[in-house]
Amino acid sequence: MAITSNERIRLADRTGVGLRLPHLAEVVATRPPVGWLEIHPENFLANPHGLELLIDLVRDYPISVHTVGISIGSADGIDRAHLRRVRALVDRLNPVLVSGHLAWSMHGGTYLNDLLPLPYTEETLRTVATHLAEVQDGLGRAYLIENPSTYVSIATSTMTEIEFLHALVDVTGCRLLCDVSNVYLSGHNMGYDPYEFIDRFPAGAVAELHLGGFTAEEDEATPGGTLLVDTHAHAVAAPSWDLYAHAVRRFGSQPTIIEWDDELPGLAILAGEAYKADGVRERAKEVRHADPC
Ligand SMILES: [Fe+2]
């Protein structure tokens, strides 16, 4: 089911937050004034009490579903049993958006606890396009693809990430989730300009934005000696806010989620990040409107 234009305007006007299990009971009890909630379905598939609480929230919040267990880039195919379980949850929640990562995390039926990088080749493009069609058919709705956080380049790649994203949109007509913090940290780690990456991103396909905190780790192999790791364990960093403003000027106002997964703060701090995103977005929209270009 497609998101309606009214829902889209509502989502784009007020930032949402990733809802993690430690916050679930408090969110149910206090109904914090954030725009919407994004969940990982894998947290609720074997969690009937959690699901009961989540269903209660559907009355008051738009919900989006962000999968971490659908390994769209796996060479050995999609786990159809997992896909059916996610479909059953999606049917109960009727989410406004469903998304997952341009990555792989399963091999030989074993789930690896990571989102692993893909070589950007024609073969990978065919694999991802085939799996994306299977996932969208299996879920009965559109499935947004998120750009990864990148730490290494794969020697066999014949395309850059941005070229691959354009090719994927051209071949499948899919829509994209642009994780702005991933763009910033990948640009730092791989030595490219994140602003240019946003400028070249397939803007017409963007349907959602993410922001999350990263962790700087010492790494001799990275220029400057610091690797940025997508831990979602901190507040959004200043350079990511600046890049978010640039993304809003480029893509217009888009539904935005704050992701925070580890070392979770109090709910008020998480909600504060969402309000901050609202402020940055409003100011960026004003600049966009004032700029005839
Ligand atoms: Fe993300």
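Residues numbered from 1 in each chain as written. Predicted model: local features only at pLDDT ≥ 70, side-chain atom pairs only at ≥ 80, totals over all residues. Heavy atoms only, no water.

### A short note on the environment of Val-280
If you trace the backbone, Val-280 turns up in helix H10 (residues 267–290). The class of Val-280 is buried, set by a relative accessible area of 10%. Separated by 220 residues in the primary sequence, Val-280 and Asp-60 have C-alpha atoms spaced 25 Å apart. Leaving out residues up to four positions away in the same chain, Val-280 has contacts with Trp-241, Tyr-244 and Ala-245. (Helix = DSSP H or I, 4+ residues; strand = E, 2+ residues; numbered from the N terminus. Buried < 20%, exposed > 50% of the residue type's maximum accessible area, 1.4 Å probe, protein only. Contact = heavy atoms within 4.5 Å.)

### Some thoughts on the nonpolar core
Among the nonpolar cores identified, the biggest contains 76 residues, and Leu-37, Ile-39, Tyr-143, Ile-145, Phe-201, Tyr-244 and Ile-258 are the most heavily contacted of them. Core analysis: the next-biggest nonpolar cluster, separate from the first, contains 8 residues, Leu-144, Leu-177, Ala-207 and Ile-257 among them. (Core = buried A, V, L, I, M, F, W, Y, C linked by side-chain atoms within 4.5 Å.)

### Remarks on the pattern of salt bridges
Counting across every chain of the model gives 8 salt bridges. A salt bridge links Arg-20 to Asp-261; its shortest N-O distance comes to 2.5 Å. Separated by 241 residues along the polypeptide, Arg-20 in the loop between strand E1 (16–18) and helix H2 (21–30) and Asp-261 in the loop between strand E12 (256–259) and H10 bring together distant segments of the chain. Linking Arg-31 and Asp-56 is a salt bridge whose minimum nitrogen-to-oxygen distance equals 3.0 Å. (Salt bridge = Lys/Arg side-chain N within 4 Å of Asp/Glu carboxyl O.)

### Some words on the coordination of the iron ion
Protein-derived coordination of the iron ion comes from Glu-146 (OE), Asp-179 (OD), His-210 (ND1) and Glu-259 (OE), at a distance range of 2.1 to 2.3 Å. One can describe the site at the iron ion as irregular: its 4 donor atoms subtend angles covering 85 to 172 degrees at the metal. Sequence positions of the residues that donate to the iron ion give the spacing E-x32-D-x30-H-x48-E. With Glu-146 in strand E7 (residues 144–146) and Glu-259 in strand E12, this pair connects stretches of sequence that are 113 residues apart. Take Glu-146 and Glu-259: they sit in the same class, and that class is buried. (Donors = N, O, S within 2.8 Å, 3.2 Å for Na, K, Ca; no water. Tetrahedral: all angles 85-135°; square planar, octahedral: opposite > 155°, others 65-115°.)

### Examining the environment of His-188
Inspection of the secondary structure puts His-188 in helix H7 (residues 180–190). For the pair His-188 and Glu-218, spaced 30 residues apart in sequence, the C-alpha to C-alpha distance is 13 Å. When neighbours within four sequence positions are excluded, His-188 is seen to be in contact with Thr-222, Thr-226 and Leu-228.

### A short note on the packing of aromatic side chains
Tallied over the full model, the rule gives 6 aromatic pairs. Ring geometry for Tyr-120 versus Phe-164: centroids 4.9 Å apart, planes at 40 degrees, classification tilted. Placement of the pair is Tyr-120 in the loop between strand E6 (110–116) and helix H5 (122–139) and Phe-164 in helix H6 (residues 161–172), with a sequence separation of 44 residues. Each member of the pair Tyr-120 and Phe-164 is classed as buried. Ring geometry for Phe-197 versus Phe-201: centroids 6.0 Å apart, planes at 50 degrees, classification tilted. Residue classification places Phe-197 among the buried positions, given a relative accessible area of 8%. A relative accessible area of 1% places Phe-201 in the buried class. Through successive ring pairs, a cluster of aromatic residues spans Tyr-192, Phe-197, Phe-201 and Phe-251. (Phe/Tyr/Trp six-rings, centres within 6.5 Å; stacked < 30°, edge-to-face > 60°.)

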